[in-house]
Amino acid sequence: MKVSILLPLLALAPMAFTGCNSDTTARQQKTAAQNASAAQLTYVAPGKLDDYYAILSGGQSGSVFVYGLPSCRFIKEIPIFEPRAALGYANNPGSETYKRLAATGPLWGDTHHPVLSQTGGRYDGDWLWINDKANDRIAKIDLRTFEVAEIKVVPNIQGAHGLAAYLPSCKYVFVNGELETDHAGNSTEAEKYRSLVAFLDAQTLETKFQVSFVGNADIASSGKDGRYVFVTMYNTENAVSSEGMIERDRDAVGAIDVPLAEKALADGNFTKINGVPVIESEKVPGVLTLIPVPKNPHGCNVTPDGKYVLASGKLSPTVTIIDTKTLKVIAEPEVGLGPLHTTFDDRGNAYTSLFVDSQIVKWNIAKAIQGADDYIVDRVDVHYNVGHTKAAGADTSHPNGDWLISLNKLSKGMFLPVGPAMPESQELIDISGDKMRVVAAFPSLPEPHDAVMVHRKVLEDKVVQTHHLQANAVKLGEEKVVRNGSKVDVYMTCIRSKFVPEQFEVHEGDEVTVHLTNVETVRDMTHGVAFSRIGINVGVDPGQTVETTFKAPNPGTYWYYCTWFCSALHLEMRGRMLVKPQGAQLNEYLGPLAKEDKARSVQKESAYE
Ligand code: RUQ
Ligand code: CUA
Ligand code: CA
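Here the structure is a predicted model, which means the values were calculated and not measured.

Visitor: Explanation requested: the overall build of the protein chain in the structure shown.
Guide: Across its full length, the protein chain holds 8 helices and 40 strands. Seen along its three principal axes, the alpha-carbon backbone of the protein chain occupies a region of about 95 × 75 × 45 Å. The proportion of buried residues among the 609 residues of the protein chain is 54%. Sequence separation of at least 24 residues holds for 57% of the intrachain contacts in the protein chain that already meet a minimum separation of 6. Surface accessibility of the protein chain: about 26900 Å² in total, with carbon and sulfur atoms responsible for 54%.

Visitor: Sorry, what's going on with the packing of aromatic side chains here?
Guide: Each pair of aromatic rings is reported with the distance of its centres and the angle of its planes. Under the criterion given, the structure shown has 14 aromatic pairs. Plain terms: the ring middles of Tyr172 and Phe199 are 5.8 Å apart, the flat faces sit at 75° to each other, and that makes the pair edge-to-face. One end of the pair, Tyr172, is in strand β9 (residues 172-177); the other, Phe199, is in strand β10 (residues 195-201), with 27 residues separating them in the sequence. Pairing Phe531 with Tyr560 gives two aromatic rings, centres 5.0 Å apart and planes at 35°, and the pair type is tilted.

Visitor: What is the right way to read the site of ligand 1 from this model?
Guide: Surrounding ligand 1, one finds His112, His113, His161, Ile219, His298, His341, His388, Lys409 and His449. In terms of residue class, the shell around ligand 1 is built from 1 nonpolar, 7 polar and 1 charged.

Visitor: Can you walk me through the coordination of the calcium ion (ligand 3) in this structure?
Guide: The textbook angles at a metal center are 109.5 degrees for a tetrahedron of four donors and 90 or 180 degrees for an octahedron of six. On the protein side, the calcium ion (ligand 3) has Tyr234 (O), Glu237 (OE), Glu237 (OE), Met245 (O), Asp251 (OD), Asp251 (OD) and Asn296 (OD1) as donor atoms, found 2.2 to 2.8 Å from it. The sequence pattern formed by the donor residues of the calcium ion (ligand 3) is Y-x2-E-x7-M-x5-D-x44-N. With a gap of 14 residues between them, Glu237 in the loop between β13 (228-233) and α4 (242-245) and Asp251 in strand β14 (residues 250-257) connect regions that are remote in the sequence.

Visitor: Sorry if this is basic, but what is going on with the nonpolar core here?
Guide: Ranked by internal contacts, the top residues of the largest apolar core, which has 28 residues, are Phe499, Phe504, Val514, Leu516, Phe531 and Met577. Residue assignment for this core shows that the elements contributing at least two residues are β32 (487-495), β34 (503-507), β35 (511-518), β36 (527-531), β37 (536-540), β38 (545-551), β39 (556-562) and β40 (574-580). Considering each element in turn, this core owes the most residues, 4 residues, to β32. Among the nonpolar cores identified, the runner-up in size contains 23 residues, and Tyr166, Ala252, Ile256 and Val258 belong to it.

Visitor: What is the right way to read the side chain of Asn408 from this model?
Guide: When you line up the elements, Asn408 lands in strand β27 (residues 403-408). Judged by its relative accessible area of 1%, Asn408 is buried. Here the side chain of Asn408 touches His383 through a polar contact of 3.2 Å, landing on its backbone oxygen. Those residues within four positions of Asn408 in sequence are excluded, and the remaining contacts are Val382, His383, Tyr384, Asn385, Val386, Glu424, Ser425, Gln426 and Glu427.

Visitor: Would you explain unusual backbone geometry in this entry?
Guide: Peptide bonds are, in most cases, trans, and in most cases residues other than glycine have a negative phi. Residue His383 is joined to Tyr384 through a cis peptide bond whose omega torsion reads -10°. With respect to the helices and strands, Tyr384 occurs in the loop between β25 (376-381) and β26 (386-391). Backbone geometry at Asn385 places phi at a positive 55°, although glycine is not the residue there. As for its placement among the helices and strands, Asn385 is situated in the loop between β25 and β26. Of note, Arg533 is a non-glycine position whose phi angle comes to about 65°, a positive value. Within the fold, Arg533 resides in the loop between β36 and β37.

Visitor: Help me understand the pattern of salt bridges in this model?
Guide: Side-chain pairs of opposite charge can arise where the charged atoms are in close proximity. Taken as a whole and assessed by the stated rule, the structure comprises 32 salt bridges. The closest approach of N and O atoms between Lys325 and Asp225, which form a salt bridge, is 3.5 Å. Taken as a pair, Lys325 in the loop between β20 (319-323) and β21 (329-331) and Asp225 in the loop between β12 (220-222) and β13 lie far apart in primary sequence, 100 residues in all. Overall, Lys325 belongs to the exposed group, its relative accessible area being 62%.

Visitor: Explanation requested: the sheet that holds β21 in the structure shown.
Guide: By definition, the strands of a sheet pair up through backbone hydrogen bonds, in either a parallel or an antiparallel sense. Sheet architecture is open: 4 strands sit in the order β18-β19-β20-β21, paired in antiparallel fashion. Across the chains shown, the open sheet's two edge strands, defined by having one partner strand only, are β18 (300-302) and β21. Between one strand axis and the next, the sheet turns through 35° on average, direction left out of account. Here β18 runs beside strand β19 (residues 308-312); their pairing, made up of 3 bridges, is antiparallel. Its bridge partner lying in β19, Cys300 is registered against Ala311.

Visitor: Explain the sheet that holds β14 here, please?
Guide: Spatially, 4 strands are ordered β12-β13-β14-β17 in an open sheet, and the strand pairing comes out antiparallel. Because the sheet does not close on itself, it has two edges, and the strands there are β12 and β17 (288-294). Averaged over all pairs of adjacent strands, the angle between strand axes in this sheet comes to 25°, irrespective of strand direction. Relative to β17, β14 runs antiparallel, the two sharing 7 bridges. If you follow Ile256 over to β17, its bridge partner there is Leu288.

Visitor: Sorry, what's going on with helix α5 (residues 258-266) here?
Guide: Think of an α-helix as turning once every 3.6 residues; residues three or four places apart then point the same way. Considered for burial, the residues of α5 that qualify are Val258, Ala261 and Ala264. One side of α5 carries all its buried residues, which in axial view fall inside an arc of 115°. Across from the buried face of α5, at angles greater than 90 degrees, the exposed residues are Lys263 and Ala266. On its buried face, α5 is in contact with β9, β10, β11 (207-213), β13, β14 and β16 (276-280). The N-cap of α5, judged by a side-chain oxygen 3.2 Å from the amide nitrogen of Leu260 a few residues on, is Asp257. Downstream of α5 by a residue or two, Gly268 has a phi angle that is positive, lying close to 75°.

Visitor: Looking at this model, I keep getting lost on the pairing of β36. Mind explaining?
Guide: Each regular strand shows side chains that alternate between the opposite faces of the sheet. Most of β36 sits out of view: 5 of its 5 residues are buried. Neither face of β36 is exposed, since His527, Val529 and Phe531 on one face and Gly528 and Ala530 on the opposite face are all buried. Here β36 runs beside β37; their pairing, made up of 5 bridges, is antiparallel. Among the inter-strand pairings, Gly528 is bridged to a residue of β37, identified as Gly539.

Visitor: Just checking my understanding: could you explain helix α3 (residues 96-104) for this structure?
Guide: Taken together, the buried positions of α3 are Tyr98, Leu101 and Thr104. Viewed along the axis of α3, the buried residues span an arc of 130°, placing them on a single side of the element. As for α3, its buried residues are in contact with β6 (137-142) and β7 (147-153). Remark: Gly105 follows α3 within two positions and exhibits a positive phi of approximately 140°.

Visitor: Can you help me understand the side chain of Asp489 in this one?
Guide: Within the secondary structure, Asp489 sits in strand β32. Although Asp489 is buried, it forms no salt bridge, and the closest oppositely charged side chain is Lys487 at an N-O distance of 4.6 Å. A distance of 2.7 Å separates a polar atom in the side chain of Asp489 from a polar atom in the side chain of His515. Dropping the residues within four chain positions of it, Asp489 is found in contact with Lys480, Val481, Val482, Thr513 and His515.

Conventions adopted
- Residues numbered from 1 in each chain as written.
- Chains lettered and ligands numbered in written order.
- Predicted model: local features only at pLDDT ≥ 70, side-chain atom pairs only at ≥ 80, totals over all residues.
- Heavy atoms only, no water.
- Helix = DSSP H or I, 4+ residues; strand = E, 2+ residues; numbered from the N terminus.
- Buried < 20%, exposed > 50% of the residue type's maximum accessible area, 1.4 Å probe, protein only.
- Contact = heavy atoms within 4.5 Å.
- Areas by Shrake-Rupley, 256 points an atom, 1.4 Å probe, with all protein chains shown as cover.
- Phe/Tyr/Trp six-rings, centres within 6.5 Å; stacked < 30°, edge-to-face > 60°.
- Near = heavy atom within 4 Å.
- Nonpolar A, V, L, I, M, F, W, Y, C, P; charged D, E, K, R; others polar.
- Donors = N, O, S within 2.8 Å, 3.2 Å for Na, K, Ca; no water.
- Core = buried A, V, L, I, M, F, W, Y, C linked by side-chain atoms within 4.5 Å.
- Polar contact = N/O pair within 3.5 Å; in protein donor to acceptor, adjacent residues only side chain to side chain.
- Salt bridge = Lys/Arg side-chain N within 4 Å of Asp/Glu carboxyl O.
- Pairing = 2+ DSSP bridges.
- Axes fitted to C-alpha atoms, helices over the stretch in contact; angles between N-to-C directions.
- Arc of directions from axis to C-beta.
- Lys, Arg positive; Asp, Glu negative; His and termini not counted.

As structure tokens, this is what we get:
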């Protein structure tokens, strides 16, 4: 209230004075007032929760980042295509999750497009999908635990880029192959190159079928009625040089008729390549319609009402509006230089990122279609060179219309200098009024391409307090060491502040598998176990069971210790693996060691008397 009264007064202030000193003072005051009101909008007191989860792809971090909005506080990183000792799922070479990741390719990734599952045109808070562009993998994250549930390689594809869920059912997620190859043979001749869009079962991530064509496919978006999905194509030239890729004046938006593709599949109208049915677009008329748009488009976004798909011009200062039923171009409004992606509010407005202009432009879709002069509503400068932009809920049929995030490629002087490479820069923009307003900026690791924002209410009853005990959980009191020749299984539990067993013995060279269950029943009581000098470190959340396998090294004492500061006795939370020479007598686990310790300490104390 105070602010809205103050602002107009301050705006008039320069007229009342003539000297430039006073003018500067007035302007400083105005800036200070603006900053104060922006701070009010984004301030979330310690202990209070943010309204939104913002889930940002981690780019070359191979992960996704979770921030709280509007405070812009960093909450979690979910490692997906890379192992991480402390967090997530793929923590060490002996674990099942690590093996699952390693079996699908390198231990790093390049994540671009986070996608949330929907039911009835709204986010349902169940699943998050993300692509690894570099290694052609898709992962599914379970939002009950924010951990990876599935990860699969997409066959035949190179440069798995645009990713979206097929709407409204979400039965598929589909991903574009941006980089052309001869996926049928192994030819190096560019004439044979094709690209494809792969349709994956959204749950198992098995590739169900693919639609192949000449050209490429960059960014993906789904219609809302189960008919078409859309992809932008910047290389209809099928060129292999950057000059060749900008040869044509117009490239295309491709519309894939999904029911028609499913029919071709049912009719056996496909070729199997590497076990996957591939439908060649030339052989199934209507399965792929090319809609000409200005050269080298980038983003592709379907409006919340499902009526239009918008292709952002990139090299053209326009956004092309295409009717999703007739597949006809109905308008091509100019919006500014370097349009990359478009997002939406709940009031019929579109927001397009302008890479070259370093702006977000707000424009009214209906007015642009009518050809009205005043379709541009507002522009705001961002810092700098924005790629993706996303408004809260914008992928659904019911956008929230309050916040927008601008994912900027360059941060230049936005943050403390940390060498030649700077962090990426995100800006939070209030879009609830007619005018947009940048209210905060926050850095991240390189580099978020895209983001989704979901209201915390959606996840409120979904996120679990502790893991549900798995079938392989070790129960309290049932800890044991089982030997089978040189294979040793150690069934271990942990709870504040003790591992049971606190000691086990193996022979040098034994294959040791530790099954560790965290039997805590309270949220946040994570423990971890690091085996000194063996290269094992694994976090274990409440209720979770982790398994890790390694080879017992040279004879000696190897301590294992808890890696999460869990209690006042955290440092004491440790145990010993005693490695004995081959053939030596092994002692079984002897139960509590405290008695022996006590006997020893009595001896020692008497030595001081
Ligand atoms: S692409 S801007 Cu994956 Cu737009 Cu990055
Ligand atoms: Cu358990 Cu520290
Ligand atoms: Ca082109």
